[in-house]
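Overview (structure and organization)
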Amino acid sequence: LLRSSQPLTGPNRRRCREDEKLLGTILDEGERGFILDTRSAQAAKQARMSGGGTEPKSSYPQWRRLHRALDRGRPLQESFSRLVEACGEPSPSMDRWLARLESSRWLSHVKAALSTACLAAQCLDREDSKVLVHGAEGTDTTLLVTALAQLILDPSCRTLEGFQGLLEREWIQAGHPFHLRCARSAASHARGKQEAPLFLLFLDCVWQLSRQFPLSLEFGEQLLLSLFDNAYASAYGTFLCNSERERSLCKVRESTHSLWAWLNQPEEKHKYLNPLYSHNPLVIWPSVEPQSIQLWRGLFLRWIRPSQHLDEAWEEIQRLVEG
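The following paragraphs examine the structure supplied in this document. (Residues numbered from 1 in each chain as written. Predicted model: local features only at pLDDT ≥ 70, side-chain atom pairs only at ≥ 80, totals over all residues. Heavy atoms only, no water.)

Thoughts on a positive patch on the surface
Taken together, Arg32, Lys57, Arg64 and Arg68 make up a surface patch of like positive charges. Relative to the elements of secondary structure, Arg68 occurs in the loop between strand 3 (63-67) and helix 3 (74-87). Residue Arg68 is classed as partly exposed on the basis of its relative accessible area of 37%. (Patch = residues over 30% accessible without salt bridge, like charges linked within 9 Å, V, L, I, M, F, W, Y side chains within 5 Å. Areas by Shrake-Rupley, 256 points an atom, 1.4 Å probe, with all protein chains shown as cover. Salt bridge = Lys/Arg side-chain N within 4 Å of Asp/Glu carboxyl O. Lys, Arg positive; Asp, Glu negative; His and termini not counted. Charge placed at Lys NZ, Arg CZ, Asp CG, Glu CD. Helix = DSSP H or I, 4+ residues; strand = E, 2+ residues; numbered from the N terminus. Buried < 20%, exposed > 50% of the residue type's maximum accessible area, 1.4 Å probe, protein only.)

In structure tokens, the structure reads:
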């Protein structure tokens, strides 16, 4: 599973021999691979007309290009904001609540992300093919798909330690611009042009996996909530800046503490573990049917629904398992 950090083309639409040679060395003779493009075919075509986009298919004869459009940027941020506004409305009728939930399109984004990740995982697992995930910049929807595909396929990524390694590798070191994307919350009236809740969308998809496979992830919802909180406002340096280069220039590692070090302390770690976890060596294929994708109430209704009974139930599960 590979990810591309830039369009497969040279400047002014010239062929990029280096890219062609690189992708040519990945496949053996007669072997075929898939380029999974997270832009729509129309968006890629428009990009080509302005000097970007992708090279012609003839330049990559062993690769088959698949387009699975995923929204990013302003459309995703507005969807997030509409959902937060709907969740904050006092005492709406059931019909109005469902209408506002549907019009936000947030669950559609969750479904699209999981569907695309499943497609990448199927190409790897069932077709036994190489997969290159390609997006507009390589730091947003590309990372979303590659990280989810690894969770679906690799049981080591579903452990607490493995999941932290996945986030470090696929989001932080790969250059997701946390400072730009998570500059403000959805409730803020000031909106930056580059804000987009891509990392939140990833966490929501992970929650969907944990709900559909309650025994297969070593960590629970509390970890995902903590990661969301720290992505937007944190006392730690893990999600600061927009790239490894910026973190190096700002000496983030020398002047701040790591969130992972805090979470892995024995007195903290037990809060984030799933007491029902049982190692599952198999691939976990999530359902993306409409009835299978649910609103993450633990996050979006976090300050509205009473949590006392849920907390008591969770503590009772832990007590029974330990006993």
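On we go from here.
A look at the packing of aromatic side chains
Considering all chains together, one arrives at 15 aromatic pairs under this definition. Seen from their ring centres, Trp171 and Phe202 are 5.3 Å apart, and the 45° between their planes marks the pair as tilted. On the criterion of sequence distance, the pair formed by Trp171 in helix 7 (residues 160-172) and Phe202 in helix 9 (residues 198-212) is long-range, its members being 31 residues apart. Accessibility assignment for this pair places Trp171 and Phe202 in one class, buried. (Phe/Tyr/Trp six-rings, centres within 6.5 Å; stacked < 30°, edge-to-face > 60°.)

Some points on the packing of helix 5 (residues 106-125) against helix 6 (residues 141-153)
It is at 8 Å that the axes of helix 5 and helix 6 come closest, and there the two elements cross at 60°. Of the possible angle classes, the one that applies to helix 5 and helix 6 is oblique. Between helix 5 and helix 6 lies a crossing whose hand is right-handed. Of helix 6, the residues touching helix 5 (which contributes Ala113, Thr116, Ala117, Cys118, Ala120, Ala121, Leu124 and Asp125) are Leu144, Val145, Leu148, Ala149, Ile152 and Leu153. (Axes fitted to C-alpha atoms, helices over the stretch in contact; angles between N-to-C directions. Parallel < 35°, antiparallel > 145°, perpendicular 65-115°, else oblique. Left-handed = near helix turned anticlockwise from the far one by under 90°. Contact = heavy atoms within 4.5 Å.)

Considering the packing of helix 7 against helix 10 (residues 221-232)
It is the contact of helix 7 with helix 10, at a shortest axis distance of 13 Å, that shows an interaxial angle of 25°. On the basis of their axis angle, the class for helix 7 and helix 10 is roughly parallel. Between helix 7 and helix 10 the crossing geometry is right-handed. Mapping the contact onto sequence places Leu160, Phe163 and Leu167 in helix 7 and Leu223, Leu224 and Leu227 in helix 10.

Some details on unusual backbone geometry
With phi around 65°, Arg105 is a residue other than glycine that occupies positive phi space. Take Arg105: it is sitting in the loop between helix 4 (94-104) and helix 5. Non-glycine residue Cys241 carries a positive phi angle of around 70°. Take Cys241: it is sitting in the loop between helix 10 and helix 11 (244-249).

Notes on a nonpolar patch on the surface
Residues Leu215, Leu276 and Val321 make up a contiguous nonpolar surface patch of about 240 Å² in total accessible area. Mapped onto the elements, Leu276 comes out in the loop between helix 14 (266-269) and helix 15 (297-300).

What to know about the pairing of strand 2 (residues 33-37)
The buried fraction of strand 2 is high, at five of five residues. Every second residue of strand 2 is oriented toward a common face, with Gly33, Ile35 and Asp37 on one face and Phe34 and Leu36 on the other, all of them buried. Across five bridges, the pairing between strand 2 and strand 3 is parallel. Residue pairing in the sheet places Leu36 in a bridge with Leu66 of strand 3. Here strand 2 pairs with strand 4 (residues 130-134) via five bridges, running parallel. Across the sheet, residue Leu36 finds its bridge partner in strand 4, namely Val133. (Pairing = 2+ DSSP bridges.)

A look at the environment of His257
The residue His257 is located in the loop between helix 12 (252-255) and helix 13 (259-263) in this model. As for His257 and Tyr236, which are separated by 21 residues in sequence, their C-alpha atoms are 5.3 Å apart. Among all residues touching His257, those that are not within four sequence positions of it are Tyr236, Gly237 and Thr238.

Structural notes on the pattern of salt bridges
The final tally for this structure, using the stated rule, is 16 salt bridges. With its nearest N and O atoms 3.6 Å apart, the salt bridge here joins Arg72 to Glu137. Taken together, the residues Arg72 in the loop between strand 3 and helix 3 and Glu137 in the loop between strand 4 and helix 6 connect sequence positions 65 residues apart. When its relative accessible area of 27% is taken as the criterion, Arg72 is described as partly exposed.

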